[in-house]
Structures are given as C-alpha cells and as structure tokens.
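# Structural description and commentary
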Amino acid sequence: PRLRPRSIAFGETFAMTRRPFLAALTALGLAPRLARAQISQVQPVKLSDAEWKQRLTPQAYQVLRLEGTEVPGSSPLNHEKRKGRFVCAGCDLPLFTSETKFESGTGWPSFYASIPGAVLTKTDVKMIIPRTEYHCARCGGHQGHVFDDGPKPTGKRYCNNGVALKFIPASAAG
C-alpha cells in the first residue's frame, strides 16, 4: 500500500520537548551557554493596570499589556551586536541571549531560541490565521510571535517587539 502524508488538523501544533532540544544543543556545543542562562523558577509578577502604566512607557504598555505591535524597523535593538542578554522590559526576566539573535530582515529583533523556561506560548487568532504568540513567563508581558522559518539549530524565529525588551551588555550582566 502507498503511504499518504497525514493531514494536519486545523490548529494542530508541533513542539519539540525539552530533552531532545537540549540534546541537540549539546551536540552543537550550545548547551553549556544556554544551561547557564536557564531560568530555574519564575516567581510571577502581578501588578495592577495603574502600576503597569506607571512602570512602563506608553509604547511598552501598549505592547506588553495590550498585545500591540511596534512599527517594524523602529527598534534600536535591531542593530544590537554586543554580547549580553535581552530581558523583559516589564520585569527584567532574561528571555534571550545575544548568541541566539540573528538578522531576519523583518524589522523586529529576532532570535532562534529563548532561554529555557523564560517564555510561555498561546495561540493567537487575531489575524484569522492561527499564530503562536509568546509572553514573558514572569509578568505575562506580550513579546511577539514565534514562527517555523528560522535558522538552524531550531528552525524557529522568535520575532520580538523591541520595546518589550531591554538589552543588558555582558559586562553589566554579571
């Protein structure tokens, strides 16, 4: 009998579990760097709407709390090339390392992997076609969307709103 490709149900997603992902990173020599950056336990940050408005710029509030999107090409982080960490602008949780940043040509800072445990995902259907949206695991702040068109080793592209991030240079990260 001839094998036919299995059709994928609408909304079905594929996820790489942590163990094979870390095994792949180990094989590529990337696991030690990411392991040091791994988030062990995340204590949630819960603030009132008024407290978020006081803490954030209006642009950061629009993106982080209302799931807005900044204008492409508007973030200075698009051109950031130094070694360091990219942390959530809402709560300072490290989300990405500079080693995983790449130029995607989209106009938003892009990464091929997040720090394990730093982001949570959900399905976004605001644009009718389902997309995977990701948020900071600590404060729930909207960061962007993840797509399956990124570079090796993960094939992922975390397309991040620059206003939702802060960059901490390695010399200051400690």
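Residues numbered from 1 in each chain as written. Predicted model: local features only at pLDDT ≥ 70, side-chain atom pairs only at ≥ 80, totals over all residues. Heavy atoms only, no water.

Moving on to unusual backbone geometry. Cis peptide bonds are those with omega within 30 degrees of zero, and the linkage from lysine 152 to proline 153 qualifies with 15°. Topologically, proline 153 is positioned in the loop between β7 (142–147) and β8 (157–160). With a phi close to 60°, glutamate 67 is a non-glycine residue in the positive phi region. Here glutamate 67 shows up in the loop between α4 (58–64) and β1 (84–88). Positioned with a positive phi, aspartate 92 is a non-glycine residue whose angle comes to about 70°. Of note, aspartate 92 is situated in the loop between β1 and β2 (94–97). We classify aspartate 92 as partly exposed; its relative accessible area is 42%. (Helix = DSSP H or I, 4+ residues; strand = E, 2+ residues; numbered from the N terminus. Buried < 20%, exposed > 50% of the residue type's maximum accessible area, 1.4 Å probe, protein only.)

Attention now goes to the nonpolar core. In this structure, Leu95 and Phe96 are the most contacted members of the largest nonpolar core, which totals 27 residues. Among the elements of the structure, α4, β1, β2, β6 (131–136) and β9 (165–169) are those that each provide at least two residues to this core. The element contributing the most residues to this core is α4, with four residues. Not counting chain neighbours up to four residues away, the residues in contact with leucine 95 comprise Phe86, Val87, Cys88, Ser114, Ile115, Ala118, Val119, Cys136, Gln143 and Leu165. (Core = buried A, V, L, I, M, F, W, Y, C linked by side-chain atoms within 4.5 Å. Contact = heavy atoms within 4.5 Å.)

Take the sheet that holds strand β4 (residues 110–111) next. Whenever strands of a sheet pair, they do so through backbone hydrogen bonds, lying parallel or antiparallel. Across the sheet, which stays open at both edges, the six strands sit in the order β3-β4-β8-β7-β6-β5 with antiparallel pairing between neighbours. Sheet topology places β3 (101–102) and β5 (119–124) at the edges, where each strand pairs with a single neighbour. Across four bridges, the pairing between β6 and β7 is antiparallel. Bridge assignment links histidine 135 to a residue of β7, and that residue is histidine 142. (Pairing = 2+ DSSP bridges.)

Okay, the pattern of salt bridges next. This structure, assessed with the given rule, holds seven salt bridges. Glutamate 67 serves as the salt-bridge partner of lysine 122, at 3.1 Å between the closest nitrogen and oxygen. Remark: glutamate 67 occurs in the loop between α4 and β1 and lysine 122 occurs in strand β5; sequence separation between them is 55 residues. Its relative accessible area of 40% is what places lysine 122 among the partly exposed residues. Its salt-bridge partner being lysine 156, residue aspartate 148 comes within 2.4 Å of it at the nearest N-O pair. Within this structure, Glu67, Lys122 and Glu133 form a network of salt bridges that share partners. (Salt bridge = Lys/Arg side-chain N within 4 Å of Asp/Glu carboxyl O.)

This part is about the sheet that holds β9. Pairing is antiparallel across the open sheet formed by three strands, whose spatial order is β2-β1-β9. Lying at the two open borders of the sheet, with one neighbouring strand each, are β2 and β9. Across this sheet, the average inter-strand angle for adjacent strands is 30°, counted without regard to direction. Here β1 runs beside β9; their pairing, made up of five bridges, is antiparallel. Across the sheet, residue valine 87 finds its bridge partner in β9, namely lysine 166. (Axes fitted to C-alpha atoms, helices over the stretch in contact; angles between N-to-C directions.)

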